Every structure is written in C-alpha cells, then in structure tokens.
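Architecture and fold: a report
Spelled out, the chains give:
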Amino acid sequence: MTTVPASPPADAVATTLHDCRKAFAATLLELAAADPRVVAVCNDSVGSSNLKEFAALHPERLVNVGIAEQAMVGVGAGLAGGGRIPFVCAASPFLTGRALEQIKADVAYSRANVKLCGMSPGFAYGQLGPTHHSIEDLAWLRALADLTVVVPADPAETAEAVRWAYAHEGPVFLRIGRTPVPSISPHVPFEAGRAAVLRQGLDVTLVGTGTTVAVVVEAAERLAARGVSAHVLNMSTVSPLDEAAVRDAAERTAGIVSVEEHTVRGGLGGAIAETVVTHRPVPMRILGVPGVFAPTGSAEFLFEHFRLTAADVERAALDLLGRAP
C-alpha cells in the first residue's frame, strides 16, 4: 500500500481529460527506441491500438496478424521465446474473449514474457453494443495463475505501468483505457501489487480502478462536504490484489464501496469481497454492471445507466453508513 499526496478538489480533477492509449503509445515508442527487443503484435488494430507511429518508425518490429486473435497471442508467445519483448495489442473484448485459451496455455501457464494490452476496455466501445463491451475481462483473467493484471487510472500511471511491464520478466495484462480520464496521481511511481492511498479517511472506504478512480475521488469530495471522511484507494493491480490495503481499510472504516467499469461478478469488487470475508468481514457495496449485458450507448450514458457516477457512489456510501442522502 502506497500513500500519495491528497488528491485535488473535484473541480480541479474535472478540468482536462486524457486518452490513456496516447500515453501507452508514447511510452512504447520510448522503450522501443532504447531496446530493439521491443516488438508490437496486433490484430489489424494499428489505428485503434495507437500503433501508427510505431509502425512508421519500426515497421520491421510490428507484426499485424489480421483478425486472428488466437494466432496473435501465439505469435507473441513465440516471439517471447525467441528473446523479444512483445506487446500484444487488441481491443480487450477480442483479445481476452477469443484468445483466452492461448492466454492461459501459451502465456500464463508457460510464464512467457508477453505483455498483453487490452485496449479500449469497459464501455469504451459503448455505441457498438455488447459484442464490443469489455465488461468480463478482469473476471476471466483474474482466474488465471501467474498473470499480473493491471488497470492504470490516468496517463501518468499508464506510462509507469508500461515501463514496469517491460522490465518485469513474466506475463502481464495491461487494461488500457480509451474513455477520457483526468490526471489523478501524475507524480506517483507505479508499483505492481500495491494500492495507492489517494485520501486518508475513517468513515468509509471507496475503491476504484482505471476509469473509476476519478469517480471515487470526486465522490470523496462530495462526502467531505457532508462531514463524511472517506478513505480512497486506487487499486491499479487487480491481480495480485493488495490484500494488506484491503484489510487495513476494513479495520479503519465501517465498510467498503468498490466501483468498476466491469461486471460485479468476479472483478474488483469480487476480489475485495474474497479478502474481506476471509480476514475482516465488513459491509460492502459493489458497484458495476449487475450481471447483465450492457445496452448500446455512449460510455457516458452507460456510466449513468449503471449508477457509476460520483453522485451514485456518494449515495452508496451514505446507504452503507445508514445515513440519508
């Protein structure tokens, strides 16, 4: 668990929004310029994975397999076996859904040095409907042994996570968001398996990951205006989970509200609940997609539809504490 400086007020957080894929692409270019072992593999997704500049600068190090995700992961594993460091990039629903067996056998079980990059997860492709929504990926991948699952919250953390994945010897899944987010912790080094404490509090704990970190930060500000002290965690590593941070939160506050751009079955909330029920039972509210297919609509619409806004998190926290909103 890492403690970071207090987050900026909600009005400051909302000023500038960023696409984390840009930070991913810039960092990948930085690594590729310094190390010829860095290669990119994609599934006809050069544009959506933000690999156009990589393709222009390093055409011999970009492998585009076409729309063949199972082959794509297998190629990545083969490149890793040959001493390369492959970043395998594709839209998260297709990378994780179509190639799950290859991720399990060729990457995780084999402990191949492959960096899986699930682009545009969650509701990012909202208007393309349930086939393109990636709201199950964390549950699928969290069940696999020996695979680190990372969900950065903002551009700075994305860049740090990419650098960490490059230096780490072993399989990694990076969930790279497309939905615009504000900068939350621009000066905090990323540490895999460690939650970052964005705000110290004693009444209730709010936990976010990826796009929802900004949401819980704003919710904490709203609660503070009501005299409620919220403890805020950025759980950027979903597997392995920072169980010490969860136990500490359960001990210091009356309960935990988790918020994720994902189904409530088996994702961040499920991981936290497993820890809580085993070590320190406290009330929880798990906010996410309630075990249904999400309707077609923009990401903004879907956040509102599934009550994942700061106001909704505030209400959930007050309900947990037994206070009227």
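The notes below deal with the structure included here. Treat the numbers as computed from the prediction; the structure is a model and nothing was measured. (Residues numbered from 1 in each chain as written. Predicted model: local features only at pLDDT ≥ 70, side-chain atom pairs only at ≥ 80, totals over all residues. Heavy atoms only, no water.)

1. Section: the overall build of the protein
On a plain count of helices and strands, the protein comes out with 13 helices and 13 strands. Taking 2.2 N^0.38 as the reference for a compact globule, 325 residues should give roughly 20 Å; the C-alpha atoms of the protein span a radius of gyration of 19 Å, in line with that estimate. Structurally, the protein occupies a C-alpha span of about 60 × 35 × 35 Å along its principal axes. Sorting the 325 residues of the protein into buried and exposed places 57% on the buried side. When contacts within the protein are restricted to residue pairs at least 6 apart in sequence, those whose partners lie at least 24 apart make up 78%. In the form shown here, the protein has an accessible surface area of approximately 12,600 Å², with 52% of it arising from carbon and sulfur atoms. (Helix = DSSP H or I, 4+ residues; strand = E, 2+ residues; numbered from the N terminus. Rg over C-alpha atoms; globule rule 2.2 N^0.38 Å. Buried < 20%, exposed > 50% of the residue type's maximum accessible area, 1.4 Å probe, protein only. Contact = heavy atoms within 4.5 Å. Areas by Shrake-Rupley, 256 points an atom, 1.4 Å probe, with all protein chains shown as cover.)

2. With respect to the layout of surface pockets
Taken as a whole, the second largest pocket encloses approximately 160 Å³ of empty space. Going through the elements one at a time, strand 13 (284-289) and helix 13 (310-321) are the ones with two or more residues in the lining of the second largest pocket. Of the residues belonging to the lining of the second largest pocket, the class tally is seven nonpolar, one polar and three charged. (1 Å grid on protein atoms, 1.4 Å probe; cavity = no way out; pocket = protein on both sides within 12 Å on 5 of 7 lines; lining within 4 Å. Points joined across faces, edges and corners; volume = space filled by probe spheres on them. Nonpolar A, V, L, I, M, F, W, Y, C, P; charged D, E, K, R; others polar.)

3. Brief notes about the packing of helix 2 (residues 20-34) against helix 8 (residues 155-167)
With their axes 8 Å apart at the nearest point, helix 2 and helix 8 run at an angle of 35° to one another. Between helix 2 and helix 8 lies a crossing whose hand is right-handed. Counted together, Cys-20, Ala-23, Phe-24, Thr-27, Glu-30 and Leu-31 of helix 2 and Pro-155, Thr-158, Ala-159, Val-162, Arg-163 and Tyr-166 of helix 8 form the full contact between these two elements. Taken together, the residues of the contact of helix 2 with helix 8 sort by class into eight nonpolar, two polar and two charged. (Axes fitted to C-alpha atoms, helices over the stretch in contact; angles between N-to-C directions. Left-handed = near helix turned anticlockwise from the far one by under 90°.)

4. A closer look at the packing of aromatic side chains
For the coordinates displayed, the defined rule picks out three aromatic pairs. Each ring, one from Phe-123 and one from Phe-306, has its centre 5.9 Å from the other, and the planes form 15°; the classification is stacked. Taken as a pair, Phe-123 in the loop between strand 5 (115-119) and helix 7 (137-142) and Phe-306 in the loop between helix 12 (299-305) and helix 13 lie far apart in primary sequence, 183 residues in all. By relative accessible area, Phe-123 is classed as buried at 0%. Both rings, one in Trp-164 and one in Phe-190, keep their centres 5.9 Å apart while their planes meet at 70°; by these two values the pair is edge-to-face. Of this pair, Trp-164 sits in helix 8 while Phe-190 sits in the loop between strand 7 (172-176) and strand 8 (196-199), placing them 26 residues apart in sequence. A residue is classified by how much of its surface remains accessible, and Trp-164, at 22% relative accessible area, is partly exposed. Among the residues examined, Phe-190 registers a relative accessible area of 10% and is labelled buried. (Phe/Tyr/Trp six-rings, centres within 6.5 Å; stacked < 30°, edge-to-face > 60°.)

5. Some thoughts on helix 8
Look at helix 8: 19 Å from first C-alpha to last across 13 residues, which is about the 18 Å you get at 1.5 Å a residue. Among the residues of helix 8, Pro-155, Glu-157, Thr-158, Ala-159, Ala-161, Val-162 and Ala-165 are the ones counted as buried. In this fold, the buried residues of helix 8 make contact with helix 2, strand 4 (85-91), strand 5, strand 6 (148-150), strand 7 and strand 10 (230-234). (Expected span 1.5 Å × (residues − 1).)

6. Re empty space enclosed by the protein
Following the criterion strictly, the structure yields two cavities of 30 Å³ or more and no others. In this structure, the second largest cavity encloses a volume near 80 Å³. Residue composition of the lining of the second largest cavity, by class: six nonpolar, five polar and two charged.

7. Some details on the pattern of salt bridges
For side chains of opposite charge, pairing can occur when their charged atoms come near one another. One pass over the structure, following the stated rule, counts 15 salt bridges. Two residues, Asp-35 and Arg-37, come together in a salt bridge whose shortest N-O distance is 2.8 Å. Judged by its relative accessible area of 39%, Arg-37 falls in the partly exposed class. Asp-319 serves as the salt-bridge partner of Arg-285, at 3.0 Å between the closest nitrogen and oxygen. One end of the pair, Arg-285, is in strand 13; the other, Asp-319, is in helix 13, with 34 residues separating them in the sequence. Relative accessible area serves as the criterion here: at 27%, Arg-285 is assigned to the partly exposed category. In this structure, a network of salt bridges that share partners links the residues Arg-222, Arg-226 and Glu-314. (Salt bridge = Lys/Arg side-chain N within 4 Å of Asp/Glu carboxyl O.)

8. Focus on the sheet that holds strand 2 (residues 38-42)
Taken together, seven strands build an open sheet; the order of strands is 3-2-4-5-7-6-11 and the sheet is mixed. Either end of the sheet is taken by a strand with one partner, and the two such strands are strand 3 (62-64) and strand 11 (237-239). Across this sheet, the average inter-strand angle for adjacent strands is 20°, counted without regard to direction. For strand 6 and strand 11, the ladder comprises two bridges, and the chain directions are antiparallel. Looking at the pairing, Val-150 lines up with Thr-237 of strand 11. Along the sheet face, helix 2 touches strand 2, strand 4, strand 5 and strand 7 and points at about 160° away from the line of strand 4. (Pairing = 2+ DSSP bridges.)

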